[in-house]
Amino acid sequence: MNDRDLRIFTKVAELGSISHVAKELNYVQSNISSRIQKLEEDLNVTLFFRSKQGMQLTPEGKVLVDIAYKIIELSDKMMQVAKSGGMPVGKLEIASVETVIKLPLILSKFNKSYAGVDLRLATGVTTELRDKVLNYQLDGAFVTKSRLTSHPELQELDVFEEKLVLIADEKVEDLSELLERPLLSFSDGCGYRAKFHEWLKASGLEATKNMELGTLETTLGSVISGLGIAFVPYSAVAHYEKRGLIYCHELPSAYSEITTTFIYRKDEEISPVLRAFVEVIKETKDDAISPFYRF
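Residues numbered from 1 in each chain as written. Predicted model: local features only at pLDDT ≥ 70, side-chain atom pairs only at ≥ 80, totals over all residues. Heavy atoms only, no water.

### Observations concerning the pattern of salt bridges
Considering all chains together, one arrives at 18 salt bridges under this definition. Of the charged contacts, one joins arginine 7 and aspartate 3 as a salt bridge, the two residues approaching to 2.5 Å between their closest N and O atoms. Here the residue arginine 7 and the residue aspartate 3 both occupy positions in helix H1 (residues 3–15), the gap between them amounting to four residues, near one helical turn. Salt-bridge contacts for glutamate 24 lead to lysine 11; the nearest nitrogen and oxygen are separated by 3.0 Å. In this pair, glutamate 24 is assigned in helix H2 (residues 18–25) and lysine 11 in helix H1, connecting sequence segments 13 residues apart. Owing to a relative accessible area of 48%, glutamate 24 belongs among the partly exposed residues under this scheme. Each of the salt bridges in this network shares a partner with another, and the network as a whole consists of Lys11, Glu14 and Glu24. (Salt bridge = Lys/Arg side-chain N within 4 Å of Asp/Glu carboxyl O. Helix = DSSP H or I, 4+ residues; strand = E, 2+ residues; numbered from the N terminus. Buried < 20%, exposed > 50% of the residue type's maximum accessible area, 1.4 Å probe, protein only.)

### Topic: the nonpolar core
Grouped burial of nonpolar side chains is what soluble globular proteins tend to show. Ranked by size, the top nonpolar core spans 68 residues in total, and within it Phe110, Phe142, Ile167, Phe262 and Phe277 carry the most contacts. The element that contributes the greatest number of residues to this core is strand E6 (residues 154–168), accounting for nine residues. Split by domain, this core shows at least three residues from each of two domains, domain 2 (90–161 + 259–287) and domain 3 (162–257). Not counting residues up to four positions away in its chain, the partners in contact with isoleucine 167 are Leu220, Val223, Ile229, Ala230, Val232, Val237, Ile246, Tyr247 and Cys248. One finds Ile8, Leu47, Phe48 and Leu57 within the second-largest nonpolar core, a separate group that totals 20 residues. (Core = buried A, V, L, I, M, F, W, Y, C linked by side-chain atoms within 4.5 Å. Domains from an automatic or database assignment. Contact = heavy atoms within 4.5 Å.)

### Some words on the confidence of the model for the protein chain
Mean pLDDT over the protein chain: 87, with 94% of residues reaching 70 or higher. Taken element by element, the predicted model of the protein chain shows its lowest mean pLDDT in helix H4 (residues 59–84) (82) and its highest in strand E10 (residues 247–249) (95). Ignoring residues within four places in sequence, the model shows residues 290–295, a span with pLDDT below 50, making eight contacts including any to other chains. (pLDDT = per-residue confidence, 0-100.)

### Things to note about a nonpolar patch on the surface
Judged by side-chain polarity, Val63, Ile67 and Ile71 come together as a nonpolar surface patch covering roughly 250 Å² of accessible area. Positionally, isoleucine 71 belongs in helix H4. (Patch = residues over 30% accessible without salt bridge, like charges linked within 9 Å, V, L, I, M, F, W, Y side chains within 5 Å. Areas by Shrake-Rupley, 256 points an atom, 1.4 Å probe, with all protein chains shown as cover.)

Right, here's the structure in full:
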């Protein structure tokens, strides 16, 4: 068992396919298969159920893959410290919910300061990203702060406050009129979606239909075309409102005021790269946002 075998193991667990892993890692399929088999022999356990549908983790595999992620994380930290020479280098994998308005500013400042870091960014919804941080699949993530992100193993760094608004292609006096249209939202686990449903429940209202869309851009285009309504950060849609393409409807502050926070694990010793990124966030969080970043 070695570091490369563990990385192959976690990648097969993520993709569920030997062929997909071979293509991504530029290996032959037989090499991937033999390494998984060798790892199973070394551990004396079956890691995957094999079927025509692909590779699915066994109960033992689900336990061991979490341990594998931790071993890989510790190995990467060790290499970062050894190679750093006082300057953070290596890989940093972070993710963000779809609408963090200050993200370009933070990433730009970090890249200019730490050119030797391989910074990788993904997107997702709050609960998905929280779980990936906890399971060592991400170094950190920008998420919507809520009880879902308050976890004993996570450190939270508040980045900025945000206001959510309900948007539609027309202005109405009674919001119940808009609820006859589909609610366009990100997938289940989105902090904005959870806030909106809290308001619905407290108001005794119900959305007629929910449609999940993949990106903010698609959501906004759909609202403008009259397909439905959406509950999104005002900073992401202010320029659309000024152009008369959408109308923003306010909800009570208890359901519309949110905090974007950066979460990362409370490890005994965080990596130099992650520590540097956290410092950049602290330095940047109070900076003014250029209008460029609003488009």
